[in-house]
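Chain residues, written in single-letter form:
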Amino acid sequence: MKKNGFIFDLDGVIVDTAKYHYLAWKNLANKLGFEFTEEQNELFKGVSRKRCLEILLQIGGVTATQKQFDHWMGEKNKEYLQYIENMDASEILSDVPKVLHFLKEKNIQMAVGSASKNARPILEKVGLISYFKTIIDGNNVTKAKPDPEVFLLAAQELGVRPQECVVFEDAVAGIQAAKNASMTSIGIGDAKILAEANYNFRDFTEISLDFLNAVIYE
Ligand code: BG6
Ligand code: MG
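Residues numbered from 1 in each chain as written. Chains lettered and ligands numbered in written order. Predicted model: local features only at pLDDT ≥ 70, side-chain atom pairs only at ≥ 80, totals over all residues. Heavy atoms only, no water.

## Examining the overall build of the protein
The condition is simple: A run of H or I in DSSP becomes a helix once it reaches four residues, and a run of E becomes a strand once it reaches two; helices and strands are each numbered from the N terminus. All radius of gyration figures rest on C-alpha atoms, and the globule criterion is 2.2 Å times the number of residues raised to 0.38. Buried residues are those whose accessible area, probed at 1.4 Å on protein chains only, stays under 20% of the maximum for their type, while exposed residues exceed 50% and partly exposed ones sit between those limits. By the convention used here, residues are in contact when the closest approach between their heavy atoms is within 4.5 Å. Only four residue types enter the charge count, namely Lys and Arg as positive and Asp and Glu as negative; His and the chain termini do not. Charge positions come from single atoms, namely NZ of Lys, CZ of Arg, CG of Asp or CD of Glu.
Scanning the protein from N- to C-terminus turns up nine helices and six strands. For 218 residues, the compact-globule formula gives about 17 Å, and the C-alpha radius of gyration of the protein, at 17 Å, lands near that figure. In terms of principal-axis extent, the alpha carbons of the protein reach across some 50 × 35 × 30 Å. Expressed as a percentage of its 218 residues, the buried residues of the protein come to 49%. For the protein, restricting intrachain contacts to residue pairs at least 6 apart in sequence, the fraction spanning at least 24 positions comes to 62%. Positive and negative side-chain charges in the protein, numbering 25 and 30 respectively, have mean positions lying 4 Å apart.

## Comments concerning the coordination of the magnesium ion (ligand 2)
Test applied: Metal donors were taken as nitrogen, oxygen and sulfur atoms no farther than 2.8 Å from the ion, or 3.2 Å where the ion is Na, K or Ca. Water is excluded, so coordination may look unfinished.
Distances from the magnesium ion (ligand 2) to its protein donors, namely Asp 9 (OD), Asp 11 (O) and Asp 170 (OD), fall within the range 2.0 to 2.2 Å. Along the chain, the residues that donate to the magnesium ion (ligand 2) are spaced as D-x1-D-x158-D. Taken individually, Asp 9 and Asp 11 each receive the classification buried, so the pair is uniform in this respect.

## Description of the sheet that holds strand E5 (residues 184-188)
Our working definition: Strand pairing is defined by DSSP finding a minimum of two bridges between the two strands. Lines fitted to the C-alpha atoms define the axes, with helices restricted to the stretch that makes contact. Angles between their N-to-C directions range from 0 to 180 degrees.
Sheet architecture is open: six strands sit in the order E3-E2-E1-E4-E5-E6, paired in parallel fashion. In the strand order of this sheet, the two ends are held by strand E3 (134-136) and strand E6 (199-201), each with one partner. Taking the axes of each pair of neighbouring strands and ignoring which way they run, one obtains an average angle of 20° across the sheet. By the bridge criterion, four bridges tie strand E1 (residues 5-8) to strand E2 (residues 109-113) in an arrangement that is parallel. Residue pairing in the sheet places Ile 7 in a bridge with Ala 111 of E2. Relative to E5, helix H8 (residues 172-180) is tilted by about 170°, and along the sheet it contacts strand E4 (165-169) and E5.

## Remarks on unusual backbone geometry
Put simply, Lys 145 and Pro 146 share a cis peptide bond, and its omega is 15°. Within the secondary structure layout, Pro 146 lies in the loop between E3 and helix H7 (149-158). Backbone geometry at Asn 107 places phi at a positive 60°, although glycine is not the residue there. Relative to the assigned elements, Asn 107 resides in the loop between helix H5 (96-105) and E2.

## Here's the deal with the pattern of salt bridges
Just so we agree on the cut-off: Salt-bridge detection follows one rule: a side-chain nitrogen of Lys or Arg within 4 Å of a carboxyl oxygen of Asp or Glu.
Inspection of the entire model under this criterion finds 13 salt bridges. For the salt bridge of Glu 169 with Lys 145, the shortest nitrogen-to-oxygen distance reads 2.7 Å. Here the residue Glu 169 occupies a position in strand E4, and Lys 145 occupies one in the loop between E3 and H7, the gap between them amounting to 24 residues. For Glu 169, a relative accessible area of 0% corresponds to the buried category. When its relative accessible area of 6% is taken as the criterion, Lys 145 is described as buried. Salt bridges sharing partners connect three or more residues here, namely Asp 9, Lys 145 and Glu 169.

## With respect to the site of ligand 1
Inclusion rule: We define proximity as follows: a residue is near a molecule or strand when any one of its heavy atoms falls within 4 Å of that partner. Pairs of N or O atoms within 3.5 Å make up the polar contacts considered here, provided that, within protein, one atom can donate a hydrogen while the other can accept it, and that residues adjacent in sequence are counted only when both atoms are side-chain atoms. All accessibility values rest on the Shrake-Rupley procedure with a 1.4 Å probe; residue burial counts only the protein chains present in the view. Charged residues are taken to be Asp, Glu, Lys and Arg, nonpolar residues to be Ala, Val, Leu, Ile, Met, Phe, Trp, Tyr, Cys and Pro, and polar residues to be all remaining types, Gly included.
Surrounding ligand 1, one finds 15 residues, the nearest of these being Asp 11, Arg 49, Ser 116, Lys 117 and Asn 118. Within the side chain of Arg 49, a nitrogen or oxygen atom sits 2.7 Å from an oxygen atom of ligand 1. Against a free-state accessible area of 390 Å², the protein chains account for coverage of 97% of ligand 1. Put simply, the parts of the chain that give the shell around ligand 1 at least two residues each are helix H3 (49-60) and helix H4 (66-84). Its residues placed into classes, the shell around ligand 1 shows five nonpolar, five polar and five charged.

## Let's talk about the packing of aromatic side chains
Note the cut-off: Stacked, edge-to-face and tilted labels apply to pairs of Phe, Tyr and Trp rings (six-membered ring for Trp) whose centres lie within 6.5 Å, assigned for plane angles under 30 degrees, over 60, and everything in between, in that order. Charges are assigned to positions over rings by a cutoff of 6 Å between ring centre and Lys NZ or Arg CZ, combined with an angular limit of 35 degrees from the ring normal.
A complete count under the given rule lists eleven aromatic pairs for this structure. Between Tyr 22 and Phe 36, the aromatic rings sit 5.6 Å apart at their centres with planes inclined by 40°, giving tilted as the arrangement. Of the two residues, Tyr 22 is situated in helix H1 (residues 18-31) and Phe 36 in the loop between H1 and helix H2 (38-41); the sequence distance between them amounts to 14 residues. The structure contains a cluster of three or more aromatic residues connected by ring pairs, namely Phe 6, Phe 8, Phe 132, Phe 168 and Phe 204. The ring of Tyr 80 carries the charged tip of Lys 76 above its face, separated from the ring centre by 4.6 Å. Residue placement shows Lys 104 over the ring face of Tyr 131; its charged tip is 5.5 Å from the ring centre.

Encoded structure:
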């Protein structure tokens, strides 16, 4: 079936913001008196801010009042916002514009499907927002990945059926969400971690235009 819609996750797919999320969570963990490793951070990819804090506190064995919980969630986001404040096009991951440009030339509809509530300002800062017909983010969804809601909403806004959609994802939860939405998934990152994806690439520099053509018309 021809693929008429391509949906991109944001953090770790379009821009290298996963490192900023990690740094902000790590600093919060250190402040609370425990370590938070990059390996543990894999669990945070594609996961909402609230859920991330719940997991972080579990890792550290910390119990929190609602007031503390809200305060720490705010602190993390405040630090993250400082990291992304001066973001510009230099932080777009390699060869992402090549792929966006190619798909646009082919009249393929494109969307962003992200768990982040900061998706829009980031896309504006790096100058890519005009490529996307719709942006579905943490402000629009009630159910987090691996629930398919975010991608199904994106497909609906694009006016294409889920089976006609291809999803780029760097998170295990995101690949599962694509699968749960009956969409084709392309894992960006470690193929061992993203083994459930239909296709795997380390990054966009490995994705050829021939491959994209083949996926569109497969
Ligand atoms: C996802 C990230 O895209 O967005 C997660 O992979 C992050 O790590 C989530 O927790 C929520 O982001 P934000 O910007 O709303 O805190
Ligand atoms: Mg991601």
